[in-house]
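An overview of the molecular structure
The chain contents come next:
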Amino acid sequence: MKLTLRVWRQRNADADGAMSTYEVDDISADMSFLEMLDTLNEELILKGEDPVAFDHDCREGICGACSLVINGDAHGPERTTSCQLHMRSFEDGDTIDIEPWRASAFPVVKDLVVDRSAFDRIIQAGGYVTAPTGAAPEAHATPVPKPDADFAFEHAECIGCGACVAACPNGAAMLFTSAKINHLNVLPQGAPERETRVLDMVAQMDEEGFGGCTLAGECATACPKGIPLVSITGMNKEWLRATRKAGKR
Amino acid sequence: MTRTMWDSSVGKKTVMAASGLIMLGYLVVHMLGNLKIFFGSDEFNHYAHWLRTIGEPFLHYEWALWIIRVVLVAAVVAHAVSAYQLSRRDIRARPTKYVHKKPRASYATRTMRWGGIILGLFIVWHILDLTTGTVHPGGFQHGHPYQNVIDTFSTWYGNVIYIVAMLALGLHVRHGFWSAAQTLGVGSRTRDRAFKTIANVLALVLTAGFIAVPVGVMTGVVS
Ligand code: HEM
Ligand code: SF4
Ligand code: FES
């Protein structure tokens, strides 16, 4: 296929950016979206131009590094990560717009790369358990009811990619934060920090300058791991419970 | 606890949901009361008088009404201030728009903000029109709400303002009631359909019930 790409180019965090147009040819429908960008970059390097910077690591949909807004959709038209998106989702002759995640809490570092360390700080605020766990424990040592295990697992699927923030009209990190809180708060291992976790993580989320939820639902539509919108409801419930308990103390 | 509430985006949203539900509860009662206009001026005016005597003899004349007014003003202020502050935070969190625009994004959020502003302006006009009489067309008579209502809905602009505001109210309640369930943490996967249905029914009944009055005056059913 032959494609026209309009790519956000920005030299560094302080520079102004703009969309630049490139033509790529001989793109196979079986290529991943990132392989298509590799093709573009090889050509740019041969021409002595600066290749397009974009984040990627595992290229198998599990690390959450890849982060492209493709034609206005975080991770593009399919419900998957940018690395797992294939060129068969596009037509020969298409023009494709490629932009970085947009949120004031995710400043652009270069081209399509944004700084997502705000997510790391939310995790540092409470997205862990303090119990020393050592090596993997015997699976039946701590019984977990099946529905709770399923619930925890569903939320544990979040790969921290930030597509939810990119898609949200308010640049909110509610879906990510709720996934982490729900994952740990439902498990016995997470119980000792159940209240401080939600209070501290929500406070950090606000501190980082993310917006709030208006239930637009764009996050859950963009999420490659299918974290549901109702996850945010669950976080609100945990937050209100923790606030009530803290008020009694 | 009050500080934690107001300082957190989640807490502030709780204030918005709670104050919204207080206003919603009031509006359901208000709408039902308004429908008494279809039973004639005696019954309607008597009902309006009764509102001032609720709680007597324990409460003094009009005390109950003033308590309701104070609660409502507090709710409107809390709702509008939290909506304003949260909206500012949201806009600051997403300063750069995508070059590739998509129409559907943020439809509900925009309707809520514009709808909220329309409702805020409407509330001011409505009080100046039918409570204080300041901007009332024709001679405003205290204690004769039936005639006042007919005067208002005998002007084209009275009907337009009122009907537009009630349509905005319907849209606001439709997203707002369901949102409040999520904000207050009572929504769930199994209850989602029920909350959406209640929200739609509430929105429809409120809008239709309120609009029935100007339509009644316009068609001469109420005169
Ligand atoms: C002063 C005029 C008003 C303004 C400025 C206003 C504004 C807003 C805004 C911006 C939202 C948030 C929307 C979102 O999250 O997407 C909201 C939510 C809401 N509003 Fe209003 N509104 C007003 C009047 C009312 C009235 C009269 C009612 C009563 C029916 C009401 C009920 C609600 C409810 C129940 C919510 C949901 C709260 C939540 O999202 O958890 N509002 N309002
Ligand atoms: S909730 Fe979904 S979209 Fe958001 S960071 Fe996690 S995996 Fe990515
Ligand atoms: S590169 Fe790891 S998820 Fe896409």
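Scoring rules and cut-offs
Residues numbered from 1 in each chain as written. Chains lettered and ligands numbered in written order. Predicted model: local features only at pLDDT ≥ 70, side-chain atom pairs only at ≥ 80, totals over all residues. Heavy atoms only, no water. Near = heavy atom within 4 Å. Helix = DSSP H or I, 4+ residues; strand = E, 2+ residues; numbered from the N terminus. Nonpolar A, V, L, I, M, F, W, Y, C, P; charged D, E, K, R; others polar. Buried < 20%, exposed > 50% of the residue type's maximum accessible area, 1.4 Å probe, protein only. Contact = heavy atoms within 4.5 Å. Polar contact = N/O pair within 3.5 Å; in protein donor to acceptor, adjacent residues only side chain to side chain. Expected span 1.5 Å × (residues − 1). Bend = angle between axes of the 7 residues up to and from the residue. Buried area = accessible area lost by both parts, 1.4 Å probe. Salt bridge = Lys/Arg side-chain N within 4 Å of Asp/Glu carboxyl O. Domains from an automatic or database assignment. Donors = N, O, S within 2.8 Å, 3.2 Å for Na, K, Ca; no water. Tetrahedral: all angles 85-135°; square planar, octahedral: opposite > 155°, others 65-115°. Pairing = 2+ DSSP bridges.

1. Details of the site of ligand 2
Residue and element names in this part refer to chain A. Around ligand 2, 14 residues are found, and the nearest of them are Cys158, Cys161, Gly162, Cys164 and Cys223. Secondary-structure elements contributing two or more residues to the shell around ligand 2 are helix 4 (163-167) and helix 5 (174-185). Across the shell around ligand 2, the residue classes break down as eleven nonpolar, two polar and one charged.

2. What to know about the side chain of A:Thr80
All names here are of chain A. Tracing the sequence through the fold places Thr80 in the loop between strand 4 (73-74) and strand 5 (95-99). Given the relative accessible area of 18%, Thr80 is considered buried. Filtering out sequence-adjacent residues up to four positions away, Thr80 remains in contact with His75, Leu85 and Pro224.

3. Examining the site of ligand 1
If you check the shell around ligand 1, you find 22 residues, and the closest are B:Lys13, B:His79, B:His172, B:Gly176 and B:Thr183. Ligand 1 is flanked by residues contributed from chains A and B. Within the contact set of ligand 1, an oxygen atom lies 2.6 Å away from a side-chain nitrogen or oxygen of B:Lys13. At a separation of 2.8 Å, a nitrogen atom of ligand 1 approaches a polar side-chain atom of B:His172. For the shell around ligand 1, the secondary-structure elements that each account for two or more residues are helix 2 (9-34), helix 4 (63-93), helix 5 (107-131) and helix 7 (156-183) of chain B. Partitioned by chemical class, the residues of the shell around ligand 1 number eleven nonpolar, ten polar and one charged.

4. Some details on helix 8 (residues 192-218) of chain B
All names here are of chain B. With 27 residues, helix 8 extends 39 Å between its outermost C-alpha atoms, agreeing within 8% with the 39 Å of an ideal straight helix rising 1.5 Å per residue. Maximal helix bending in helix 8 amounts to about 30°, located at Ala212; proline Pro214 follows within four positions. Within helix 8, the full set of buried residues consists of Phe195, Ala199, Ala203, Leu206, Thr207, Gly209, Phe210, Ile211, Val213, Pro214, Gly216 and Val217. Lining the buried residues of helix 8 we find helix 2, helix 6 (145-152) and helix 7. Directly beyond the C-terminal end of helix 8, a positive phi value near 85° is found at Gly220.

5. A few points about the interface of chain A and chain B
Between chain A and chain B, the contact holds 47 residues from the first and 39 residues from the second. Summing both partners gives a buried area of about 3300 Å² for chain A against chain B, and 56% of it is carried by carbon and sulfur. On the chain A side of the interface with chain B, the three residues burying the most area are A:Arg102, A:Leu215 and A:Trp239, jointly 17% of the side's total. Applying the counting criterion to the chain A and chain B interface returns three salt bridges. In this structure, A:Asp206 engages B:Arg89 in a salt bridge whose closest nitrogen and oxygen atoms are separated by 3.8 Å.

6. Points about the pattern of salt bridges
Tallied over the entire structure, the rule returns 20 salt bridges over all chains. The shortest N-O distance in the salt bridge between B:Arg189 and A:Glu154 comes to 3.2 Å. With one member in each of two chains, B:Arg189 in the loop between helix 7 and helix 8 and A:Glu154 in helix 3 (residues 146-156) form a pair that bridges those chains.

7. Describing the domain arrangement of chain A
Residues and elements named next belong to chain A. One can read the domain layout of chain A as domain 1 (3-110) and domain 2 (116-248). At the junction of the two partners, domain 1 supplies 20 residues and domain 2 supplies 21 residues. Both faces considered, domain 1 and domain 2 share a buried interface measuring about 1400 Å² in area, 59% of it formed by carbon and sulfur atoms. The largest contributions to the domain 1 side of the interface with domain 2 come from Arg79, Ala105 and Phe106, which together make up 40% of the buried area. Between Arg116 and Asp55 there is a salt bridge, and its shortest N-O distance comes to 3.2 Å. At the surface where domain 1 touches domain 2, the tally comes to nine residue pairs in polar contact (both at pLDDT 80 or more). The residue makeup of the side of domain 1 that touches domain 2, split by class, is ten nonpolar, seven polar and three charged.

8. Describing the coordination of the iron atom of ligand 1
Residue and element names in this part refer to chain B. Here the iron atom of ligand 1 is held by His79 (NE2) and His172 (NE2), and the distances to it run 2.0 Å. Coordination geometry of the iron atom of ligand 1: the six donor atoms subtend angles of 86 to 179° at the metal centre, consistent with an arrangement described as octahedral. Here His79 is found in helix 4, whereas its partner His172 is found in helix 7, with 93 residues between them in sequence. Residues His79 and His172 agree in their burial class; the two are buried.

9. Description of the sheet that holds strand 4 of chain A
Residue and element names in this part refer to chain A. Judged by pairing direction, the sheet is mixed, and its five strands sit side by side in the order 2-1-5-3-4 without closing on themselves. For this open sheet the edge positions go to strand 2 (18-24) and strand 4, each flanked by a neighbour on one side alone. Both strand 3 (residues 69-70) and strand 4 contribute to a ladder of two bridges, which runs antiparallel. Within strand 4, the residue paired with Ile70 across the bridge is Asp73.

10. Some thoughts on helix 5 of chain A
Over its twelve residues, helix 5 of chain A runs 16 Å from end to end, which matches the ideal 16 Å to within 8%, given 1.5 Å per residue. Among the twelve residues of helix 5 of chain A, eleven are classified as buried, and the element is accordingly described as predominantly covered.

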